[in-house]
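An overview of the molecular structure
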Amino acid sequence: MFNDKLFKYSLFFFSILMLLILAIIFFTLLDGSMLAIKNNGFSFLYSSIWNPVMDEYGALPFLSGTLITSFLSLIICIPFALVVAILLGEYYKKGIFSTALNTAIELLAGIPSIIYGFWGLFFFVPIMRQIQMRVNVPPFGVGIITASIILTIMIIPYAASIAREIINMVPSDLKEAAYSLGATRLEIVKNIILPHSFSGIFAGILLALGRALGETMAVTMVIGNANIIPKSFFSPGNTMASLIANEFAEAAQNIHLSSLVQIGLLLFLVTAIINIIGQKVLQKFKY
Amino acid sequence: MKKIFITLLTIAISFSFFKLEAQKHTELLGAGATFPYPLYSRMFEDYYKQTNIKVNYQGIGSGGGIRQLISKTVDFGGTDAIVTPDKIAEAGTKIVHVPICLGAVVITYNLPNSPKLKLNSDIISDIYLGKIVKWNDEAIQKLNPSVKLPALNIAVVRRSDGSGTTSIFTNYLSKISSEWKDKVGEGTSINWPVGLGAKGNPGVAGMVQQVPGAIGYVELIYAMSNNMPYADIKNKSGNFVEPSLTSVSLSADIDLPDDTLVSLTDTDAKFGYPISGFTWIILYQEQNYSNRTNVQAYETAQLLNWMINEGQKHAEPLHYAPLSKEAQKKAQNIIKNLTFKGKKLL
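Residues numbered from 1 in each chain as written. Chains lettered and ligands numbered in written order. Predicted model: local features only at pLDDT ≥ 70, side-chain atom pairs only at ≥ 80, totals over all residues.

Some remarks on the overall build of chain A
- Of regular secondary structure, chain A possesses 11 helices and two strands.
- Over its C-alpha atoms, taken along the principal directions, chain A stretches across nearly 70 × 70 × 30 Å.
- When each of the 287 residues of chain A is scored for burial, the buried share is 38%.
- Once local pairs closer than 6 in sequence are excluded, the contacts in chain A between residues at least 24 apart make up 75%. (Helix = DSSP H or I, 4+ residues; strand = E, 2+ residues; numbered from the N terminus. Buried ≥ 20, exposed ≤ 12 C-beta atoms within 10 Å, placed from the backbone. Contact = placed C-beta atoms within 7 Å.)

Here is the structure:
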């Protein structure tokens, strides 16, 4: 009896601890950015000038950079993740091929982001540069599209492995029923598996998006770090996380530091909002 | 369960012993600029061998070093930039700067056959302002008649992370170009008119090496140890100076103020390289704060004294420019005036 209660309370304790940590993070960010909030006012959200010398701080270039790279990578990622998940969840559940592919995906997920950054800089950027020379844009190699593609490679494993698990969990009696009615494999994927696992796949994609939003090192190395609103996919840009990583160590002025914390707060809120929207969408489509 | 508990207890007890052990020796703690970090770690290693005094230096950046000193959590800070008056006001008591060595920023580029270029201040500022956009621009060609410059676009590369290197470079640009001063200004992070940002010296170097026609600025020691091409720059006296340890040391060959708080960029020194600067150790003149002991204060002063004298021998092998005689003398005086409860330490 006593043990039972103890167990229940410890469950409560640790769950509330999580809530508490979230709240503490939020209030720490809020407290750290108070000075900047007072100083920058609302222009922080729509100004496109980030000038620590003149103490002008606008977050728009980084907000747009973060959103564009994240959603672009998400869009590129979805077909790849789905294909891999359907292949592993439905067509090749066992065997050497499936083991090899599964291991590869897990390995990709485990590679530290700095390695992706290096690989991007030394392997992918030169390729991008060749392409840019072909299409006659300034051949920087780095930029929004490069960062998005690197991000895509980083988040595919997350989206794919969750989608695979969900597809694996589609009840076999449903599929068998469909087969007995003469459905082809494609029809089963289209009409049974995908609708049934939609919400789960969507949740996985949301998790992947969360990773893309906050990714720092790999993006810093390939995005070009120009504090401007990107004008094209090839244009260099910057993201919120990457700006913080870049300027935090040497921000001597209090207001500069506080503005960087404010960027952190904004990133926190953006992530929260996107997640909340995601939850709502999820509820609507719950199968 | 019991076993785990006992193991944990043993670990806890042994840790507390470590702590006692550590308290017996004086240990000094510093934090700040990353630029002199390799030199400092070499110096402190040697110092530990000689005196058994351990110095812990964390390369967290100049801004961080200043903040840590002001919050009084370290014995000394390291910085490439002079502490601003409002920061000193925040600290409340006098902060002194002791120069330890000199660093320089060089202009590196990626051109076919890596020719040796000569540049002057107008060209550098115009390139970074986005006014000169082609390598075969008349102004550059005129200074380098023997080099056949290609009709290549100049890809401007600069640091994306806040850095002392950027601070020295933009300080130079602000001094030599009023347009730069009005439009852009100086600092560790600034609002660049043009160009791509890359992280750290390796990032800038990598980007310059990859993009044909790129120009960038990196620390001299980085360019030297990586065999990168760098330009001779015309100084105030009209001489084209090749960046080297000697010409960087020479940049401090001027009448220094007693507190050594002078920016050496665009130096008056005749053969001095114009984009040079001191890197300082900063500390409180009155060493009695945050429960520090007299011994700790004394050891801090001793350490600094060693760094500007005997410790200087470590500078050149690591490509740092040592202090000039003049700078050494001024630094010595600053250290002599360190006090503990009003009494001089050395």
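Things to note about the overall build of chain B
- Check the secondary structure of chain B and you find 13 helices and 13 strands.
- Here the C-alpha radius of gyration of chain B, 23 Å, is about what a compact globule of 346 residues would show, namely 20 Å.
- Considering only C-alpha atoms, chain B reaches an extent of 75 × 55 × 35 Å along its principal axes.
- Scored against the burial criterion, the 346 residues of chain B give a buried share of 50%. (Rg over C-alpha atoms; globule rule 2.2 N^0.38 Å.)

Observations concerning the pairing of strand β1 (residues 27-32) of chain B
Residue and element names in this part refer to chain B.
- Relative to strand β2 (residues 54-59), β1 is paired through six bridges, and the arrangement is parallel. If you follow leucine 29 over to β2, its bridge partner there is asparagine 56.
- In this region the chain leaves β1, passes through helix α2 (residues 37-51) and returns to the parallel neighbour β2; the handedness of that crossover is right-handed.
- Examined bridge by bridge, β1 and strand β3 (residues 76-79) share three bridges and lie parallel to one another. Opposite glycine 30, over in β3, you have phenylalanine 76 as the bridge partner. (Pairing = 2+ DSSP bridges. Right-handed = clockwise from strand over helix to strand, strands pointing away.)

Quick look at the packing of helix α5 (residues 113-134) of chain A against helix α6 (residues 144-168) of chain A
Residues and elements named next belong to chain A.
- At a minimum axis separation of 10 Å, α5 and α6 run at an interaxial angle of 135 degrees. Judged on the interaxial angle alone, α6 and α5 are oblique. As α5 runs across α6, the sense of the crossing is right-handed. Contacts between α5 and α6 involve Ser113, Tyr116, Gly120, Phe124, Val125 and Met128 from the first element and Thr146, Ile150, Ile153 and Met154 from the second.
- Classifying every residue of the contact of α5 with α6 gives seven nonpolar, three polar and no charged. (Axes fitted to C-alpha atoms, helices over the stretch in contact; angles between N-to-C directions. Parallel < 35°, antiparallel > 145°, perpendicular 65-115°, else oblique. Left-handed = near helix turned anticlockwise from the far one by under 90°. Nonpolar A, V, L, I, M, F, W, Y, C, P; charged D, E, K, R; others polar.)

Focus on the interface of chain B and chain A
- At the junction of the two partners, chain B supplies 27 residues and chain A supplies 25 residues.
- Mapped onto the side of chain B that touches chain A, the elements with two or more residues apiece are α3 (62-70), β7 (196-198) and α9 (200-210) of chain B.
- Considering every element that reaches the side of chain B that touches chain A, the biggest residue donor is α3(B), with four residues.
- Looking at the side of chain B that touches chain A, its residues break down into eight nonpolar, 15 polar and four charged.

Section: the sheet that holds strand β8 (residues 214-219) of chain B
Residues and elements named next belong to chain B.
- Strand order in the open sheet formed by eight strands is β2-β1-β3-β11-β4-β8-β6-β7, and the pairing between neighbours is mixed. Two strands bound the open sheet, and with one partner strand each, they are β2 and β7. On average, adjacent strands in this sheet sit at an angle of 25 degrees to one another, irrespective of strand direction.
- Across two bridges, strand β6 (residues 155-159) lies against β8 in parallel orientation. In the strand pairing of β8, alanine 155 is matched with alanine 214.

Regarding the pairing of strand β4 (residues 95-109) of chain B
All names here are of chain B.
- Along β4, 14 of the 15 residues are buried, which leaves the element largely enclosed by surrounding structure.
- Summarising the sheet, β4 and strand β11 (residues 276-284) pair through nine bridges and their orientation is antiparallel. Looking at the pairing, isoleucine 95 lines up with tyrosine 284 of β11.

Side note on the nonpolar core
- Membership of the largest hydrophobic core comes to 159 residues, with the highest contact counts inside it found for Ala159(A), Val222(A), Val98(B), Ile107(B) and Val157(B).
- The element that contributes the greatest number of residues to this core is α6(A), accounting for 16 residues.
- Viewed by domain, this core spans two of them, domain 1 (2-102 + 278-344) and domain 2 (104-276) of chain B, each represented by three or more residues.
- Excluding its chain neighbours within four sequence positions, the residues that come into contact with Ile107(B) are Leu119(B), Ile124(B), Ile215(B), Tyr217(B), Tyr230(B), Ala231(B) and Ile233(B). (Core = buried A, V, L, I, M, F, W, Y, C linked by C-beta atoms within 7 Å. Domains from an automatic or database assignment.)

Focus on the domain arrangement of chain B
Residues and elements named next belong to chain B.
- You can read the domains of chain B as domain 1 (2-102 + 278-344) and domain 2 (104-276).
- The distance between the C-alpha centroids of domain 1 and domain 2 comes to 31 Å.
- Mapped by element, the contributors of at least two residues to the side of domain 1 that touches domain 2 are α3, β4 and α13 (325-336).
- When residues of the side of domain 1 that touches domain 2 are assigned to their parent elements, the largest contribution, six residues, is made by α13.
- Classifying every residue of the side of domain 1 that touches domain 2 by side-chain character gives 13 nonpolar, seven polar and four charged.

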